[in-house]
Amino acid sequence: MSEEASSQDGNGKVSRVIRVGTRKSQLARIQTDSVAETLKELYPDIHLEIVAMSTTGDKILDTALSKIGEKSLFTKELENALERNEVDLVVHSLKDLPTTLPPGFTIGAVLKRENPHDAVVLHPSHAGKTLDTLPENSVIGTSSLRRAAQLKKRFPHLDFKDIRGNLNTRLKKLDEKKDFAAIILAAAGLRRMGWESRISQILEPDDCMYAVGQGALAVEVRARDADILEMVSILHDPDTVLRCIAERAFLRRLEGGCSVPVAVHTQVKDSQLYLTGAVYSLDGSNSLKETMQVSIAVGTQSSEKVDEQVQRVGVTANKIPGSVQDEAEKLGVDLADLLLSKGAKEILTVARQLNDVR
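From a predicted model like this one, the values you see are computed outputs, not experimental measurements. (Residues numbered from 1 in each chain as written. Predicted model: local features only at pLDDT ≥ 70, side-chain atom pairs only at ≥ 80, totals over all residues. Heavy atoms only, no water.)

Engineer: So, the nonpolar core: which residues are in play, and what are the values?
Structural biologist: Core analysis: the biggest nonpolar cluster contains 47 residues, and Phe250 and Val279 have the highest contact counts within it. At the level of secondary structure, the elements contributing two or more residues to this core comprise α4 (76-83), β5 (105-110), α9 (238-254), β12 (262-269), β13 (272-280), β14 (287-295), α10 (322-341) and α11 (344-357). Of the residues forming this core, the biggest block, nine residues, is contributed by α9. For Val279, the residues in contact, after removing those within four places along its chain, are Leu254, Pro261, Val262, Asn286, Ser287, Leu288, Leu339, Ala344, Ile347 and Leu348. (Core = buried A, V, L, I, M, F, W, Y, C linked by side-chain atoms within 4.5 Å. Buried < 20%, exposed > 50% of the residue type's maximum accessible area, 1.4 Å probe, protein only. Helix = DSSP H or I, 4+ residues; strand = E, 2+ residues; numbered from the N terminus. Contact = heavy atoms within 4.5 Å.)

In structure tokens form, the structure reads like this:
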């Protein structure tokens, strides 16, 4: 627990103070507030204090994320605060969290996923168009190698350029200048900000698969804080947890990060977990893509005891049968191994080298 463990309300009743860490951006605050509100409804006696801070990724705005080469761009300062007991839990976008967390931390909750797909936001002068119908050599803004690699291949008539900044900044750059015909953003962020009306087109998996963990929120805690871990575990959405464990295991096995183009698509249907994963060269001309599935039917195992100390790709989910989590993790590893056997390592190594000299 952080130093201030309790406070008194007007009736003299003691309520516990839980400090929640977040990035300072408007989207991060909206996401954190939504988690805090849910916790407050579930535990009326706790008092939540939001502690906002800037991260390295928020401060470096003139360089593409993939060029900075730091795995924890948007998480390090928040984890430092967690380590120093200045906060008790931290709310992240799951896609910002590395697949291996620093010792002593765990993801105690993965919340129900918002739409994980990418969205096209058009410059007002192109209203009504799609990526297909934009004029030749139209410039599309994206800071993601994953998006650029897939879209270059799918829409060869378009030109892709880096665009950095938070959602507000990127939309401003799009609207106020003529530099970009459109930008590509995560649909989840736009929806959470209440800007759904700006979405011109949702990119389906055939056009652009999404990033590992995209659209899901994660609550990171100190692994030793059993009471906090128990408190937040109620927020877990089982389907989202299993999908994201598979996705994160796939990425970790490939040794991917934001400096290489790796994309996924997952689905839970009829007690089967489907994972499609792909790797791309920077220009999208070379790629490998495969799909595998596994049964996640719980059956007679539903009463099985889950070891609370076990983390799977950084996630502790003690309310979900361990055997099912193991199947999800194995699915990610097996799919990565299949791609590696077909030459994924070579594609990613070249992509990494080319990105370093860009």
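Engineer: Give me the lowdown on the pairing of β14, citing residues and values where you can.
Structural biologist: Pairing of β13 with β14 involves nine bridges; the strand directions are antiparallel. Paired with Leu273 across the bridge in β14 is Val294. With antiparallel pairing between neighbouring strands as the criterion, β13 and β14 make up a hairpin whose turn holds six residues, including Gly284 at a positive phi of roughly 80 degrees. (Pairing = 2+ DSSP bridges.)

Engineer: Explain the side chain of Ser144 to me, and be specific about the residues and the numbers.
Structural biologist: Note on placement: Ser144 falls in the loop between β7 (139-141) and α5 (145-154). Looking at Ser144, the relative accessible area reads 15%, which means it is buried. A distance of 3.2 Å separates a polar atom in the side chain of Ser144 from the backbone nitrogen of Arg146. (Polar contact = N/O pair within 3.5 Å; in protein donor to acceptor, adjacent residues only side chain to side chain.)

Engineer: Summarise the sheet that holds strand β9 (residues 182-186); cite the residues concerned and give the values.
Structural biologist: Ordered by their spatial adjacency, five strands build an open sheet running β8-β7-β9-β6-β10, and the pairing between neighbours is mixed. Each edge of the open sheet is held by one strand with a lone partner, namely β8 (159-161) and β10 (201-202). Where β7 meets β9, two bridges bridge the pair, whose relative direction is parallel. Considered in β9, the bridge of Ile140 is made with Ala182. Along the sheet face, α5 touches β6 (118-122), β8 and β9 and points at about 125 degrees away from the line of β9. (Axes fitted to C-alpha atoms, helices over the stretch in contact; angles between N-to-C directions.)

Engineer: Pulling in residues and values, what's your account of the sheet that holds β14?
Structural biologist: If you walk across this open sheet you meet the three strands as β12-β13-β14, and the pairing is antiparallel. Unpaired on one side and paired on the other, β12 and β14 mark the two borders of the sheet. Strand-to-strand twist across the sheet, computed as the mean angle between neighbouring axes with direction ignored, equals 15 degrees. The strands touched by α11 are β12, β13 and β14; relative to β13, the strand with the most contacts, the crossing angle is about 50 degrees.

Engineer: Talk me through the pattern of salt bridges; I want residue IDs and the actual numbers.
Structural biologist: One pass over the full model with this rule turns up 22 salt bridges. Here Asp175 and Arg198 are joined by a salt bridge, their closest N and O atoms 2.8 Å apart. Of this pair, Asp175 sits in helix α6 (residues 167-176) while Arg198 sits in the loop between α7 (187-192) and β10; the two residues are 23 residues apart in sequence, bridging distant segments of the chain. As a salt-bridge pair, Lys330 and Asp334 come within 2.8 Å of each other at their nearest N and O atoms. Placement of the pair is Lys330 and Asp334 together in helix α10, with a separation of four residues, close to one helical turn. By sharing partners, the salt bridges in this structure join Asp88, Arg222 and Asp225 into a single network. (Salt bridge = Lys/Arg side-chain N within 4 Å of Asp/Glu carboxyl O.)

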